[in-house]
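Examining the three-dimensional arrangement
Each chain, letter by letter, is given below.
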Amino acid sequence: MRDGELDYGTPTGAGRLRVELAGYLGRVRAARVDASGIVVTTGAAQGFALLAGALRDAGASTVGFEEPGSYGLRGHMEGHHVRLVPVPVDADGLDVAALDRAGVPAVIVTPAHQFPTGVVLAPARRAALVEWARRTGGLIIEDDYDAEFRYDRDPVGCVQGLAPDAVAYIGSVSKALAPALRLGWLAVPDKWRAAVAARKEWADLGGPVLEQLAFAELLASGGYDRHLRRARLEHRRRRDALVAALRRHLPGLRISGVAAGLHLVVELPAGVDDEALAERALAAGLGLLPLSRMRLAGGGPPGLVLGYAANPPGELESAVQTLASSYGAIHPAR
Ligand SMILES: Cc1ncc(COP(=O)(O)O)c(C=O)c1O
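Since we're looking at a predicted model, the values are computed, not measured. (Residues numbered from 1 in each chain as written. Predicted model: local features only at pLDDT ≥ 70, side-chain atom pairs only at ≥ 80, totals over all residues. Heavy atoms only, no water.)

Thoughts on the domain arrangement of the protein
Formally: Each domain span listed reflects an automatic or database assignment of domains. Note on contacts: a residue pair qualifies if any of its non-hydrogen atoms lie within 4.5 Å across the two residues. We define buried area as the total accessible area lost by two parts upon association, computed with a 1.4 Å probe and summed across both. Any carboxyl oxygen of Asp or Glu that lies within 4 Å of a side-chain nitrogen of Lys or Arg is treated as forming a salt bridge with it. Polar contact is defined as a pair of N or O atoms within 3.5 Å, subject to the rule that within protein one atom must be able to donate a hydrogen and the other to accept it, and that residues adjacent in sequence are counted only when both atoms are side-chain atoms. A run of H or I in DSSP becomes a helix once it reaches four residues, and a run of E becomes a strand once it reaches two; helices and strands are each numbered from the N terminus.
When its domains are assigned, the protein resolves into domain 1 (3-221) and domain 2 (225-329). For domain 1 and domain 2, the distance between their C-alpha centres works out to 26 Å. The interface of domain 1 with domain 2 comprises 32 residues on the first partner and 27 residues on the second. Buried area between domain 1 and domain 2, both sides added, is near 2500 Å², and the carbon and sulfur share of it is 61%. If you sort the residues of domain 1 by the area they bury against domain 2, Glu 67, Phe 149 and Tyr 151 come out on top, with a joint share of 28%. For Asp 225, the salt bridge goes to Arg 27, with nearest N and O atoms at 3.2 Å. Seen at the junction of domain 1 and domain 2, the total is 15 residue pairs in polar contact (both at pLDDT 80 or more). Elements that contribute at least two residues to the side of domain 1 that touches domain 2 include exactly helix H1 (15-29), strand S2 (62-67), helix H3 (71-79) and strand S3 (83-90).

Structural data, given as structure tokens:
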């Protein structure tokens, strides 16, 4: 680093990183962003916070939210005084007709790998979503949280690449490197740029620069691509091990979603109390989330969200054995 780089920098992030990110997102995610339009954030969480503030300033305090959707993100947005309106997700992803009926000025979506169900937004729905945004002036907030990890084919490109004028694109290194780095990015349509940049400056005068420059170097050297190739192989091995263990010890339970990401959803028969099952599993040492907790409006079939990124195959096998005993205890009729 040069001396000057140790001063307060541009609040929207180190120039070197923004240039590298623009290239990376274009190449890997088919995004259409230029370096000057990127805001480097302290994680996707800050990207959402900046947008929440900018939307509120513009008089928009309700946002459509996938149902089911991320429990953590819901709390985060509500903490930033945004009212979330549930919009159902089916096998093709977000129900865009329902979004239209909801009459909201913005919507948060996870098109590449819906969180938590794991479905991919179907091509016709992607087109309908962009059409919705253009017709209503609505803002699509694309959370591209785990798109680097698709195991059966190349991931679909981001929706932002189809409509840079209508999509605020959010990503981070939390899934690919580590959440503790608190490093992410946000690219917004031109008309939102000034508001978001001002909010970033008021938030923290810019994030830590050492990490930004280190990440820029990792991108420029090709090290990030190499890491992703390695990580993809390992996570795929872990997912395969988890799926095999579920088929062995909990046959009959359906696994939803495509082979992607760092988690999967196991569907449970109607009437099973997934909260009670998650609690029992927690007492046995398993951290998993009940699907019902991911719904704002409630209802819908029960299920479990299982993460596998942090556990080698042997641990996943014994975790599923433990889960099968917990399930047997609360659902003896299976
Ligand atoms: C749906 C979703 N979006 C985004 C994130 C990433 O947040 P951050 O980049 O702030 O760590 C997560 C993390 O768990 C998530 O589950």
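Comments concerning the pattern of salt bridges
Formally: Buried means the residue's accessible area, taken with a 1.4 Å probe over protein chains only, is under 20% of the maximum for its type, while exposed means over 50%, and partly exposed covers the values in between.
Per the counting criterion, the structure on display carries 20 salt bridges. A salt bridge links Asp 57 to Arg 199, with the nearest nitrogen and oxygen atoms 3.1 Å apart. Note that Asp 57 is positioned in helix H2 (residues 44-57) and Arg 199 in helix H6 (residues 190-204), a separation of 142 residues in sequence. Exposure remark for Asp 57: the relative accessible area of 53% places this residue in the exposed category. Of the residues examined, Arg 199 reaches a relative accessible area of 21% and is grouped as partly exposed. Among the salt bridges present, the one from Glu 234 reaches Arg 238, with a minimum N-O distance of 2.9 Å.

Here we look at the nonpolar core
Inclusion rule: Buried Ala, Val, Leu, Ile, Met, Phe, Trp, Tyr and Cys residues that are joined via side-chain atoms within 4.5 Å together make up what is termed a nonpolar core.
Grouped together as the largest cluster of nonpolar side chains are 49 residues, with contacts concentrated most on Phe 215, Leu 246, Leu 264, Leu 306 and Leu 323. Looking at which element gives the most residues to this core, the answer is helix H8 (residues 223-249), with 7 residues. Structurally, this core is a two-domain feature, drawing no fewer than three residues from each of domain 1 (3-221) and domain 2 (225-329). In this structure Leu 323 touches Leu 246, Leu 250, Leu 277, Ala 281, Leu 286, Leu 288, Leu 304 and Leu 306, once residues within four positions along its chain are discounted. In terms of nonpolar packing, the next biggest core, distinct from the first, is built from 25 residues, Val 82, Ala 106, Leu 186 and Val 188 among them.

Observations regarding unusual backbone geometry
In this structure, the amide linkage connecting Glu 67 to the following residue, Pro 68, adopts the cis form with an omega of 0°. Of note, the amide linkage connecting Phe 115 to Pro 116 takes the cis form, showing an omega dihedral of 5°. Mapped onto the fold, Pro 116 is located in the loop between strand S5 (106-109) and helix H5 (123-136). With a phi angle near 65°, His 81 is a residue other than glycine that sits in the positive phi range.

Remarks on helix H10 (residues 313-330)
In plain terms, the rule: Helix span, expected: 1.5 Å multiplied by one less than the number of residues in the helix. The arc in question is the one spanned by the directions pointing from the helix axis to the C-beta atoms.
Between its terminal C-alpha atoms H10 stretches 26 Å, which fits the 26 Å expected from 18 residues at 1.5 Å a residue. All buried positions along H10 are accounted for by Leu 316, Val 320, Leu 323, Ala 324, Ser 326 and Tyr 327. In an axial view of H10, the angular spread of the buried residues amounts to 165°, which keeps them on one side of the axis. The inward-facing, buried residues of H10 contact H8, helix H9 (274-283) and strand S12 (303-307).

Quick word on the sheet that holds strand S11 (residues 289-290)
What counts, and what does not: Strand pairing is assigned whenever DSSP identifies at least 2 bridges connecting the two strands. The axes are straight lines fitted to the C-alpha atoms, using for helices just the contacting stretch, and the angles between their N-to-C directions are given from 0 to 180°.
Spatial strand order, S9-S10-S12-S11: 4 strands in an open sheet with antiparallel pairing. A single partner strand is all that each edge strand has here, and the edge strands are strand S9 (255-256) and S11. Sheet topology note: the strand S10 (residues 263-267)/S12 ladder contains 5 bridges and is antiparallel. Bridged to Val 266 within S12 is Leu 304. In the packing of H8 onto the sheet, the strands contacted are S9, S10 and S12, and the crossing angle to S10 comes to about 15°.

Thoughts on the site of the ligand
We count it as follows: Nearness is defined per residue: one heavy atom within 4 Å of the molecule or strand is enough. For every accessible area listed, the method is Shrake-Rupley and the probe measures 1.4 Å; residues are considered covered only by the protein chains on display. Gly is put with the polar residues, along with every residue not named as nonpolar or charged; the nonpolar set is Ala, Val, Leu, Ile, Met, Phe, Trp, Tyr, Cys and Pro, and the charged set is Asp, Glu, Lys and Arg.
Around the ligand, the neighbouring residues are Gly 43, Ala 44, Ala 45, Ser 70, Asp 143, Tyr 145, Ser 172, Ser 174, Lys 175 and Arg 182. Within the side chain of Ser 172, a nitrogen or oxygen atom sits 2.7 Å from an oxygen atom of the ligand. Between the ligand and Lys 175 there is a distance of 3.0 Å, counted from an oxygen atom to a side-chain nitrogen or oxygen. A total of 390 Å² of accessible area belongs to the ligand in isolation, and the protein chains cover 79% of it. In terms of residue class, the shell around the ligand is made up of 3 nonpolar, 4 polar and 3 charged.

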